Amino acid sequence: MTDLLKPPVHVEDHGHEEHHGPTGILKWITTTDHKVIGLSYTITAVIMLVIGGMFAEIIRAQLATPNGTLVSLAQYNELFTMHGSVMIYLFAGPFAFGALANIIVPIQIGAPDMAFPRLNALSYWLYLTGAITMLSGFFVTGGAANFGWVAYAPLSNSLNTPGAGADLWIGGLLLTGFSAIFTGVNLCATIFYLRAPGMTMFRMPIFTWNMLVTSILILLAFPVLTAGLIMLYADRHFGTHIFSVAGGGVPVLWQHLFWFWGHPEVYILALPFFGMVTEIIPVFSRKPVFGYKGMIFATLSIAALSLGVWAHHMFTTGVVLLPFFSIMSLLIAVPTGIKIFNWIGTMWRGEVWFSTAMLMSLGFLFTFLIGGLTGIYLASPPLDFFTHDTYFVVAHFHSVVMALVLAGMGGLFYWGPKITGYLLNERLGKAQFWFLFIGTQAFTFPLYILGLQGMPRRMAIYPHDPQWKGLNDLSTVGAVLIGISTIIFVINVVVSWKKYPAGDNPWDGHTLEWFTTSPPPHHNFYRLLQIRSERPTWDYNHPGHRALAHGQHEAHEENDSEVPAS
């Protein structure tokens, strides 16, 4: 049982409690501790980010001249397929709901671990195995998958894409899909059943709320993708014709299945990063989050609407009801807009501290706003017809994904001290931010213009349109700046390693994870405090300024009161 005592106790007072099981490499291989598993996810996901970024740099170098010869046309197809696949399947999702969620959610709700620790470990090993399987396509005859990260039928059948690379892509995605499903089950069970005494649903931190909604979306969407992948593999190897016209199948069925997963997946990726930003902005604005319950209901609305907009990506197929999917796509902008106004409202008249984490969050707000506004543009069928499969769509998608990268970096700078016990260098962090932010804008804005000028996506050379070279050069410069920002981050990690002790609460954080030690002990807490609002650590550290949460005017007990642990 966890004692509910005060004041917080330091690690050195309970050093004997820290000896649990094996150490060294055996600890990393056999652990069921959610913090170690989360660190494994984090390291693997950042490696995937670097690999996917290297693919992107090669793509941009190829497009820097109208007749680029850096890679062949076949290799270019493999590169843009694997770049998109690595960034979406192997970095953004696992980083959000595998890495930081694994580490932070149990601590935020006062739980000793995830509900199913062994299933949690299995989820990581499935993810790692899936990543290796997918990337191993580069080492087989015929090369890696080359049909785009969306694998549209009939491009992805055995006739148009023979070889083992495509099969390894399918197998890798199946493995990572099961990893996501198991993680979704684990997070739901943990959040529903392992909350600390006093941690009601409407006292949970926004990040935990977002991870709960994300987990529910995972359980609804990922089985559909899994079924589609099994059908695709059956078409390739077992003689079925599910997506083949010749055998009575329907190729566009793959798009329905893929995008029924794919559009909720946009928010499966985005909502965790929304949660990170919602934790960071109040702390560095010295204010509670503006519209706490409004943020929660906006998140629930986004999740509900995301299940009804999959054909947003299928306007040009001619087989979907355009007015319905257009209005649904426009409606989903409303709760997203509410979140943006709430983030701005949180900063309004606050004592804003422009730390690296806060700068990353502000960069996220600007970049995601651009991506969101252009998404509204694409929700109009006539405008979508004009820009479909041009670089305008590429730019829109990259604005959104790079906004998530900014938010993820903010999360690492914010929670890194809690995870490791040490701060990253702020000067290097701010240098990384400016390279990343300016590079992102320099990379994406030329692509919007290229799309409006008619440059198709997925083309490796453009000899008949040399006027596109200047904008492509500018985009390539932006990609280089993003690459430099990644190098600065790696240097920061190396330079700052165990150099700047953080203390338990370096940011004067609000939520429960900032009450325990840095890093947390094996079972996360030696003692728990009384939870009476969504800001329990703030309540404890500022007893004279304890604000009653959202109109709750109940009488409070004395600051040193205790309740029994569950």
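Residues numbered from 1 in each chain as written. Predicted model: local features only at pLDDT ≥ 70, side-chain atom pairs only at ≥ 80, totals over all residues. Heavy atoms only, no water.

Asker: What should I look at first to understand the overall build of the protein chain in this one?
Answerer: In terms of regular secondary structure, the protein chain is built from 16 helices and 0 strands. A globule of 566 residues ought to have a C-alpha radius of gyration of about 24 Å, and the protein chain, at 24 Å, matches this closely. Per-residue burial over the protein chain gives 57% buried out of 566 residues. Counting contacts in the protein chain only where the partners sit at least 6 residues apart, residues at least 24 apart contribute 81% of the total. By element, 70% of the accessible surface of the protein chain is carried by carbon and sulfur atoms, the whole surface being about 22100 Å². If the 25 positive side-chain charges of the protein chain are averaged to one point and the 29 negative ones to another, these points end up 4 Å apart. (Helix = DSSP H or I, 4+ residues; strand = E, 2+ residues; numbered from the N terminus. Rg over C-alpha atoms; globule rule 2.2 N^0.38 Å. Buried < 20%, exposed > 50% of the residue type's maximum accessible area, 1.4 Å probe, protein only. Contact = heavy atoms within 4.5 Å. Areas by Shrake-Rupley, 256 points an atom, 1.4 Å probe, with all protein chains shown as cover. Lys, Arg positive; Asp, Glu negative; His and termini not counted. Charge placed at Lys NZ, Arg CZ, Asp CG, Glu CD.)

Asker: Can you walk me through the packing of aromatic side chains in this structure?
Answerer: Here the structure, examined in full by the defined rule, presents 49 aromatic pairs. Measuring from centroid to centroid gives 5.5 Å for F274 and W343, while their planes differ by 75°, and the two rings are edge-to-face. Pair noted here: F274 is in helix α7 (residues 252-285) and W343 is in helix α10 (residues 333-347), with a separation of 69 residues, a long-range link. Just as F274 is buried, W343 falls in that class too. By the ring-pair criterion, three or more aromatic residues cluster together here, those being Y89, F147, W149, W169, F222, F243, W254, F258, W259, W261 and F397. Lying over the aromatic face of F202, K293 brings its terminal NZ or CZ to 5.1 Å of the ring centre. (Phe/Tyr/Trp six-rings, centres within 6.5 Å; stacked < 30°, edge-to-face > 60°. Lys NZ or Arg CZ within 6 Å of the ring centre and 35° of its normal.)

Asker: It is not clear to me how a nonpolar patch on the surface should be interpreted in this structure. Could you clarify?
Answerer: Judged by side-chain polarity, I327, L330, L331, V334, I338, L369, L373 and I376 come together as a nonpolar surface patch covering roughly 630 Å² of accessible area. Where the nonpolar patch is concerned, the elements lending two or more residues are α9 (322-331), α10 and α11 (356-378). Tracing the chain through its elements places I327 in helix α9. (Patch = residues over 30% accessible without salt bridge, like charges linked within 9 Å, V, L, I, M, F, W, Y side chains within 5 Å. Salt bridge = Lys/Arg side-chain N within 4 Å of Asp/Glu carboxyl O.)

Asker: I would appreciate a short explanation of the confidence of the model for the protein chain in the present structure.
Answerer: Low-confidence regions, as indicated by low pLDDT, have predicted coordinates that should not be scrutinised in detail. Confidence in the prediction for the protein chain averages 90 pLDDT; 92% of positions are at 70 or higher. Below pLDDT 50 for its whole length, residues 1-17 participates in 41 contacts with residues either more than four positions away or in separate chains. For residues 547-566, every residue scores under 50 in pLDDT, and the model assigns this stretch 38 contacts once sequence neighbours within four places are set aside. (pLDDT = per-residue confidence, 0-100.)

Asker: How do you make sense of the packing of helix α3 (residues 73-108) against helix α5 (residues 164-193) when you look at a structure like this?
Answerer: Two quantities define a packed helix pair, namely the angle between the axes and the distance from one axis to the other. Two elements in contact, α3 and α5, have axes separated by 11 Å at closest approach and are oriented at 20°. The orientation of α3 with respect to α5, classified from their angle, is roughly parallel. Here the hand of the crossing between α3 and α5 comes out left-handed. Along the contact surface, α3 presents M82, S85, Y89, L90, F97, A101 and V105, while α5 presents W169, L173, T176, A180, T183, L187 and I191. Split by residue class, the contact of α3 with α5 holds 11 nonpolar, 3 polar and no charged. (Axes fitted to C-alpha atoms, helices over the stretch in contact; angles between N-to-C directions. Parallel < 35°, antiparallel > 145°, perpendicular 65-115°, else oblique. Left-handed = near helix turned anticlockwise from the far one by under 90°. Nonpolar A, V, L, I, M, F, W, Y, C, P; charged D, E, K, R; others polar.)

Asker: Please explain the side chain of S496 as it appears in this structure.
Answerer: Position of S496 relative to the elements: it lies in helix α15 (residues 469-496). The contact partners of S496, leaving out residues within four places of it in the chain, are L423, L424 and N425.

Asker: Got a minute to help me understand the environment of D384 in this structure?
Answerer: Its place among the elements puts D384 in helix α12 (residues 381-387). The buried category is assigned to D384, whose relative accessible area is 5%. C-alpha of D384 to C-alpha of G249: the two residues are 135 residues apart in sequence and 27 Å apart in space. Excluding residues that lie within four positions of it along the chain, D384 makes contacts with F315, T316 and L378.

Asker: Please clarify how the environment of P463 should be interpreted in this entry.
Answerer: Inspection of the secondary structure puts P463 in the loop between α14 (426-452) and α15. A sequence separation of 396 residues divides P463 from N67, and the C-alpha atoms of the two residues are 5.7 Å apart. Those residues in contact with P463, other than ones at most four positions away along the chain, are P66 and N67.

Asker: What is the right way to read the pattern of salt bridges from this model?
Answerer: Any two side chains of opposite charge can pair, given that their charged atoms come close. Summed over all chains, the structure comprises 5 salt bridges. For K469, the salt bridge identified is with D473, shortest N-O distance 2.6 Å. In this pair, K469 and D473 both sit in helix α15, 4 residues apart, roughly one turn of the helix. On the basis of relative accessibility, which here comes to 31%, the residue K469 falls in the partly exposed class. Each of the salt bridges in this network shares a partner with another, and the network as a whole consists of D389, R457 and R458.

Asker: Can you walk me through the nonpolar core in this structure?
Answerer: In summary, soluble globular proteins display a tendency toward joint burial of nonpolar side chains. Judged by nonpolar contacts, the single largest core of 162 residues is most densely connected at Y89, W169 and F364. Considering every element that reaches this core, the biggest residue donor is α3, with 21 residues. Excluding anything up to four places from it in sequence, W169 contacts M82, S85, Y89, M134, A145, F147, W149, A151 and L229. (Core = buried A, V, L, I, M, F, W, Y, C linked by side-chain atoms within 4.5 Å.)

Asker: Looking at this model, I keep getting lost on the side chain of N492. Mind explaining?
Answerer: Position of N492 among the secondary structure elements: in helix α15. What makes N492 buried here is its relative accessible area of 0%. When residues no more than four places from it in sequence are discounted, the contact partners of N492 are F413, L424, N425, L428 and G429.

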